[in-house]
Amino acid sequence: MNNIEFYRTIVLAASAIGAGLAMIAGIGPGIGQGYAAGKGAEAVGRQPEAKGDITTTMLLGCAVAESTGIYGLVIAIILLFANPLVGMITG
Amino acid sequence: MNGPKIMFEIPIFGGIPVTETVTNTWIIMAFIVLLSIWLTHDMKKVPSGKQVIAEKLVGMLYNMVEKNMGKGYVNFFAPYIGALFTLSALGSLSSLLGMRPLTADFSTTLGWALLSFMMIQGNNIRCNGIKGWLKGFIEPVPLLLPINIIGEIANPISMSFRHFGNIAAGMVITSLLYGALASLSAVVLQWIPNTFINSIPIFQLGLPAILSIYFDLFTSFLQAYIICMLTMVFVANAGSEEAARGE
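First things first, this report covers the structure right here in the doc. A quick note: this is a predicted structure, and the numbers were derived from the prediction, not measured.

Quick notes on the rules
- Residues numbered from 1 in each chain as written.
- Chains lettered and ligands numbered in written order.
- Predicted model: local features only at pLDDT ≥ 70, side-chain atom pairs only at ≥ 80, totals over all residues.
- Heavy atoms only, no water.
- Salt bridge = Lys/Arg side-chain N within 4 Å of Asp/Glu carboxyl O.
- Helix = DSSP H or I, 4+ residues; strand = E, 2+ residues; numbered from the N terminus.
- Buried < 20%, exposed > 50% of the residue type's maximum accessible area, 1.4 Å probe, protein only.
- Polar contact = N/O pair within 3.5 Å; in protein donor to acceptor, adjacent residues only side chain to side chain.
- Contact = heavy atoms within 4.5 Å.
- Axes fitted to C-alpha atoms, helices over the stretch in contact; angles between N-to-C directions.
- Parallel < 35°, antiparallel > 145°, perpendicular 65-115°, else oblique.
- Left-handed = near helix turned anticlockwise from the far one by under 90°.
- Nonpolar A, V, L, I, M, F, W, Y, C, P; charged D, E, K, R; others polar.
- Pairing = 2+ DSSP bridges.
- Phe/Tyr/Trp six-rings, centres within 6.5 Å; stacked < 30°, edge-to-face > 60°.

## Notes on the pattern of salt bridges
Tallied over the entire structure, the rule returns four salt bridges over all chains. Of the charged contacts in the structure, one is a salt bridge between Lys39 of chain A and Glu42 of chain A, with a shortest N-O distance of 3.7 Å. Taken together, the residues span about one helical turn, with Lys39 of chain A and Glu42 of chain A both in helix α2 (residues 27-46) at a distance of three residues. Of the residues examined, Lys39 of chain A reaches a relative accessible area of 43% and is grouped as partly exposed. Glu66 of chain B serves as the salt-bridge partner of Lys71 of chain B, at 3.0 Å between the closest nitrogen and oxygen. Of the residues examined, Glu66 of chain B reaches a relative accessible area of 33% and is grouped as partly exposed. Look at the salt bridges and you will find they share partners, linking Lys39, Glu42 and Arg46 of chain A into a network.

## Here's the deal with the environment of Thr56 of chain A
Residues and elements named next belong to chain A. Tracing the backbone through its elements, the reader meets Thr56 in helix α3 (residues 51-65). A C-alpha to C-alpha distance of 10.0 Å links Thr56 and Gly40, two positions 16 residues apart in sequence. Here Asp53 takes part through its backbone oxygen, which lies 2.9 Å from a polar atom of the side chain of Thr56.

## A few points about the side chain of Gln121 of chain B
Residue and element names in this part refer to chain B. Structurally, Gln121 can be placed in helix α4 (residues 106-135). Assessed through its relative accessible area of 10%, Gln121 is described here as buried. In this structure Gln121 touches Trp133 and Glu152, once residues within four positions along its chain are discounted.

## Points about the packing of helix α3 (residues 74-93) of chain B against α4 of chain B
Residue and element names in this part refer to chain B. Running from N to C, α3 and α4 cross one another at 165°; their axes reach a closest spacing of 12 Å. By the angle between their axes, α3 is roughly antiparallel relative to α4. For the crossing formed where α3 meets α4, the hand is left-handed. For the pair α3 and α4, contact is made by Phe77, Tyr80, Leu84, Leu87 and Ser88 and by Trp112, Leu115, Ser116 and Met119, respectively. Residues of the contact of α3 with α4, tallied by class, amount to seven nonpolar, two polar and no charged.

## Things to note about the pairing of strand β1 (residues 6-10) of chain B
All names here are of chain B. Looking at chain direction, β1 and strand β2 (residues 16-19) are connected through four bridges and run antiparallel. Looking at β2, one finds that Ile10 is bridged to Ile16. Hairpin geometry of β1 and β2 is characterised by an intervening segment of five residues between the two adjacent antiparallel strands and by a positive phi of about 55° at Phe13.

## Thoughts on the packing of aromatic side chains
Per the counting criterion, the structure on display carries nine aromatic pairs over all chains. Centre to centre, the rings of Phe6 of chain A and Tyr7 of chain A are 5.8 Å apart; their planes meet at 55°, and the pair counts as tilted. Measuring from centroid to centroid gives 5.6 Å for Phe106 of chain B and Phe164 of chain B, while their planes differ by 65°, and the two rings are edge-to-face. With Phe106 of chain B in helix α4 and Phe164 of chain B in helix α5 (residues 145-188), the pair connects residues that are 58 residues apart, well separated along the chain. For Phe164 of chain B, a relative accessible area of 11% gives the class buried. Through a chain of ring-to-ring contacts, the aromatic side chains of Tyr71 of chain A together with Phe106, Phe161 and Phe164 of chain B assemble into a single cluster.

This is the structure in structure tokens:
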């Protein structure tokens, strides 16, 4: 195994570990969306006639809260499928 | 998982590659045009049949835009929001037919987000004038200028990443599941001597459909709804109260 091949292997392994670590970002949106859903259920319980409005507001809030998790996902996808760091050692 | 396939190249400027995403977009666009022509063809004073559905859909769209943006924007924005919703929903739903969803390509969602960005800034300039628009960046104190600029630029980025990430994650998880089910079937069926029978991935039947309900049906409509909703809310917020009332 020559030198570049050796470094390539290390970078690939590190990228895979990094992708896994990036997905830890999923914890935050999980907690946030759970909180939003809980509050939404509470609001429907208090005011069942406003169910439609509450649901749309909750879904919109959930979607915005999701962005941080999506950033983590995008980083993980880039690390796994685009491998930008491998190009640095071979190129 | 691979990127979109390159279908052909336009032989100018050294070859412009046309990817699967673009050709799939053309197919969806043609489908939407044909659907619109079919729905609005042969309209009558007293609606019946397909015309009832068409009127219901258009009425729902106009109501939604009026509720979220105000009367002043309805005539200008409702067609755009309707087009965006239809293209986004059908583009993501096309994965049900085995096509590569349009929105699993970042270029598509970035294009839509940049359109929204232009509309937000354009509406801000239209309502407040160039001076007012520039002044908005140094409010409440001039020290916040870099934060305000970053805040404006982060808007289209987060909007496009959100839509792309949701659809692409669904695609990655579905392809991982298909791979896992194929190996599972290979392991379970390996005692059968017939090579044809034990190469059939039986576990791929049915099971992915349950995940598909969430990733294809629910996520497609939700993301289409969210990108339209955010566009409406941001554009209406950039403008003034008078413009929303239509004065």
